[in-house]
Structures are given as C-alpha cells and as structure tokens.
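A structural walkthrough
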Amino acid sequence: MAPEVDATPEQPEASWPDLGSLTGIRSSKPTFYAEYRHTAESLDRTMRSLDRIARVLVSTAKGSADLCAAVVEAAGEHLDAEWVVLGLRRAALPDATPRFLARDPSGRILSSRRRLPPSLRRRFDAALSDPHTQVSDREVFVPLRFDDTVQGALAAWRRADSDRETACDEIDLRVLTILANQALVCLQKSDALGRVKKLLSRTEELYAEAEARARDLAERNRQLQEARSSLDLARQREVIDHERRRLARELHDSVAQHILSAGMAIEWCRAEVAQGSPVRDQLEHAKQLTRVAVEQLRSAIYALSDADAPQGTDLPDMLNRLRTFHSPADFDLRIRIEGRPVPLDPAARSSLFRIASECLFNTAVHAEARRAIVRLVYRDDILRLLVADDGCGHPEKLRRILRCQVPGAGNGYHHGLLNMAQRAAEMGGTLTINRARLGGVCIEVSVPLARIAQTPAGTGGTDV
C-alpha cells in the first residue's frame, strides 16, 4: 500500500474564459439568457472535466500510486467534493497498490482507512457491497467493475456549502466513471505486476532450493557410492578372511599333525639304526626336512590366520610382533626403527608388513640364516624397509628371479619374491636386492611417503 501523503494538492492554474465573451452573444430576453447561461456553465464544466481527465491520463506513466492520487484529485475538483474515496474490496486484486486513497476537506491525500470519518466509512463499505451506481444530490458512488465483478468503488461527497448550485447529473457520473475505469485498469496492472514479482521471487527461491537439493543429492550419491564400495570391499575381505581361516585350520588340524607324526616316526626309526649307517644319515636328513616343513606351515598358518592387523596398530608395532613368528629357537632377530613414525594407509601398512614377513620366512627357511635385522627408516619424503641376514643367499640369483630369468619363476616357483616386488610397485615404490653387511642378502623397499601416509609426514626422528 502506498504511504500516506498529507500534502495539499496544487490547484489548477487554468482559468477558462467566459463563453459569452467568446461568442459575443448578448440578449435582453430573460428566458433565452437563462437557457444560454445553463448551457454555457455545462460546457465550462465539461471542458474542465476533460482537462482533469487529461491530467489523470498523463499520470499513468508514473505508476499506480500517482495515477490513483490524480483520480482522487480530479474527482474532488470536478464535484467540489468534501471527501473523495477510492478503495478496493478485501479479496479483490490482492497484489495491487494502493488499496485505499482518500482526499479530505483540506485537500490532503490519505492512505489509511482509519482517518476516514466512521459515518463515511460505513457508507463506503455499504457501497462496496452494492454493485450498482448510486447518484444523489450530494453523493456519487461508481463501482470499479471487471468481468461482472465489483473490485472496488470511487465515492465522492459534495460540500454542503459548495458554490456549485446544480445537483450531480449525468455528466458528473460519466466523468467519475471514466476516472474510476482508468484507476481500475492501473490497479489491475499493478496487481499483475505484483503477482509476476511474487512468481519471480518464488521461482528464484525454488531454483535455489533445487540447486541445494541437487548438491545434496550429489553428495548423498557420492556417500552412497563410497558406502557401497566400502561394503563390497568389506564383503570381499570377509570372504577372503573366512577362506584364510579355513585354510589355516585345515593346515593346523591335518597337514601339520601329519608332518609332526611323520617326524616322530622318523625319530623312532633313527633310534633303532646303528651309528654310522647310511640309513641313519637319510633319516637325519628326513628329520630336518620335516622340521623345515613344520616351520613353513607355521609361517603359512600365521599369515592366513593373522591376515589383517588390528585397527590403529602402527607398522613398528606390527614388525615387533615378527619376533614370535618365522624364527627357529636359535634365530636372532632384531627390529630397528629410525626416524619419526607417521600414520600410514592401512593397505600400505599391511603390504609392508607382508613384505617383511616374507623376507624373514625366506631368510630362516631357504637361506639357512641365524641372524637378521629389520630396519624401518622414516625420512622426510621416503619410507625405507630393509631386511638383512647372514644366510647363504645370492643377490644376483634373486635379481635374476625378479627379472624372470630363472626357469619356472613366476609360475609357483619363487612366487613370494615376485609378490614382494609387486606389492612395492603398487605403492609406487621399488624393491632392490644387494649384499648385506652381515654376509647374506639385504632386501630394500623404498616407498614415497606422500603415496602411503594418511597425514603429512613430519621431519626429523628418533631411533627406537
């Protein structure tokens, strides 16, 4: 609704010339002059009304508030009215502005219904409920009608002391009807514009809401995909862990028991054979083979039954657990941690642990070593895992195996060494084989920390 304006409107400056001075008609007949005078006054009123209507039409481009104010002004001037009211019904044109304007006796434009005298307010409300035009000596009510529906009304009450002697007639009614229709057209446009603005605002809100929902759906879809991938991975791990446990149980309950029984039988037979007999030497060799087989089974059972370290266990702790596995009673194993440990990705941590475990198994079983050192070295950008022994291994032969230059390599033969190289490559690292200071073989795995660290690695470090 337009704000209330309490300014005294400007009075028209135009002063219409007397029609008699224009025509030059003079007469001494009383009857003729009275009729002429009545006609002249009617023409004067009509010309002034046309001028007021023209001024109202000029206000159209200024907006609905200015045009409605001009309509109220023109109606008040035309009828020499004490009060003029232009208003809409409550449910009509809900988005149009202004919804109410009034011109008081002092010429001020009011926008509040409360400023209207109660008697006039009741009279105007009654006119809104009656769709018919009402004209009397001092009152004119013109409905704002569109499609046989009354949208509002334009009402005027003449002053009791008005200089105008004639009562409201057909010309007054037509002038007010033109003014009312012009106000109605402008208010309809204002209502349409208001509805368009609301629709635009609502469209923008819906568009923003749709964008937010689209982003939310995209995020939820991403989370769903991640959850699905995690679930698939968990199911795969569950199946693999179940199969590992089954294999470990079978190896422990059947194969290991049979080998132990075979070793006991060999020991019993060896005790029955005389010293220095070739048979006794073969039985001793068979006993050593059963011992090696038991060690291999022991390592395999450990690897299968302890496939994944507990969550939150870091790599140094996992390596320290190797002291109790893969090692004969007289095997000397040392674990050294250099630098400051950093959290690693679980997959990389498991791969490094498997590499160290496989190296120690090969050291104890195949290289006949009695001593080994596992070093885990943290640097600013590189993690190095070194496993050195004093066994009888040949670095060049092992390098040839990695290059698949040994017959059968990669087809079940020396598969553990190839697996270690593959694990290192998957982490973006390398595996090298050199002669160890202890006299045996040193296997070194170097991996970039940026590829396997969960958080940025720190600098410096301490030996553990």
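In short, a report on the structure. What you see is a predicted model; the values in this text were computed from it and never measured.

Our focus in this paragraph is the overall build of the protein. Regarding its fold elements, the protein presents 11 helices and 11 strands. Within the protein, the fraction of its 464 residues that count as buried is 39%. Considering only contacts within the protein whose residues lie at least 6 apart along the sequence, 66% involve residues at least 24 apart. For the protein, the exposed surface amounts to about 27000 Å²; the carbon and sulfur share of it is 54%.

Within soluble globular proteins, side chains that are nonpolar tend to cluster in buried spots. Counting 39 residues, the largest nonpolar core has Leu319, Leu352, Leu385 and Ile452 as the members making the most contacts within it. Here this core gets 8 residues from one element, more than from any other, and that element is helix 8 (residues 346-365). Grouped together as the second largest cluster of nonpolar side chains are 32 residues, Ala74, Ala81, Ala96 and Leu173 included.

Quick look at the sheet that holds strand 7 (residues 332-338) now. Ordered by their spatial adjacency, 5 strands build an open sheet running 7-8-9-11-10, and the pairing between neighbours is mixed. Edge strands, defined here as strands with exactly one partner in the open sheet, are strand 7 and strand 10 (430-435). On average, adjacent strands in this sheet sit at an angle of 15° to one another, irrespective of strand direction. Contacts from helix 8 reach strand 7, strand 8 (371-378), strand 9 (382-389) and strand 11 (441-448) within the one sheet, and its direction differs from that of strand 9 by about 15°. In the packing of helix 9 (residues 395-402) onto the sheet, the strands contacted are strand 10 and strand 11, and the crossing angle to strand 10 comes to about 155°.

Counted by the stated rule, this structure contains 21 salt bridges. Measuring nitrogen to oxygen at the nearest pair gives 3.0 Å for the salt bridge that ties Arg195 to Asp191. With a gap of 4 residues between them, Arg195 and Asp191 both fall in helix 5 (residues 170-272), about one helical turn apart. Looking at Asp191, the relative accessible area reads 4%, which means it is buried. Linking Glu205 and Arg202 is a salt bridge whose minimum nitrogen-to-oxygen distance equals 3.3 Å. Pair noted here: Glu205 and Arg202 are both in helix 5, with a separation of 3 residues, about one helical turn. One connected set of salt bridges, linked through shared partners, spans Glu267, Arg270, Glu284 and Lys287.

So, on to the pairing of strand 7. In this structure, strand 7 lies alongside strand 8, joined through 7 bridges in parallel fashion. Following the sheet pairing, Ile337 is matched in strand 8 by Leu376. Handedness of the β-α-β unit built from strand 7, helix 8 and strand 8 comes out left-handed.

This paragraph deals with unusual backbone geometry. Going from Thr97 to Pro98, the amide bond is cis rather than trans, its omega being -5°. The residue Pro98 is located in the loop between strand 1 (81-88) and strand 2 (100-103) in this model. For Leu93, which is not a glycine, the phi torsion comes out positive at approximately 45°. Position of Leu93 among the secondary structure elements: in the loop between strand 1 and strand 2. For Leu93, a relative accessible area of 13% corresponds to the buried category. The backbone of Glu368 shows a phi angle near 55°, a positive value even though the residue is not glycine.

Here we have 6 strands laid out as an open sheet, ordered 3-2-1-6-5-4, and antiparallel in their pairing. Two strands lie at the open edges of the sheet, namely strand 3 (109-110) and strand 4 (134-135), each paired on one side alone. Where strand 2 lies against strand 3, 2 bridges are found, and the strand directions are antiparallel. The residue bridging Ala102 from the neighbouring strand is Leu110, located in strand 3. The strands touched by helix 3 (residues 64-79) within the sheet are strand 1, strand 2, strand 3, strand 5 (139-146) and strand 6 (149-158), with strand 2 carrying the most contacts at an inclination of about 35°.

On to the packing of aromatic side chains. Here the structure, examined in full by the defined rule, presents 1 aromatic pair. Centre to centre, the rings of Phe141 and Trp157 are 5.4 Å apart; their planes meet at 85°, and the pair counts as edge-to-face. Of this pair, Phe141 sits in strand 5 while Trp157 sits in strand 6; the two residues are 16 residues apart in sequence, bridging distant segments of the chain. Its relative accessible area of 4% is what places Trp157 among the buried residues.

Rules behind the numbers
- Residues numbered from 1 in each chain as written.
- Predicted model: local features only at pLDDT ≥ 70, side-chain atom pairs only at ≥ 80, totals over all residues.
- Heavy atoms only, no water.
- Helix = DSSP H or I, 4+ residues; strand = E, 2+ residues; numbered from the N terminus.
- Buried < 20%, exposed > 50% of the residue type's maximum accessible area, 1.4 Å probe, protein only.
- Contact = heavy atoms within 4.5 Å.
- Areas by Shrake-Rupley, 256 points an atom, 1.4 Å probe, with all protein chains shown as cover.
- Core = buried A, V, L, I, M, F, W, Y, C linked by side-chain atoms within 4.5 Å.
- Pairing = 2+ DSSP bridges.
- Axes fitted to C-alpha atoms, helices over the stretch in contact; angles between N-to-C directions.
- Salt bridge = Lys/Arg side-chain N within 4 Å of Asp/Glu carboxyl O.
- Right-handed = clockwise from strand over helix to strand, strands pointing away.
- Phe/Tyr/Trp six-rings, centres within 6.5 Å; stacked < 30°, edge-to-face > 60°.

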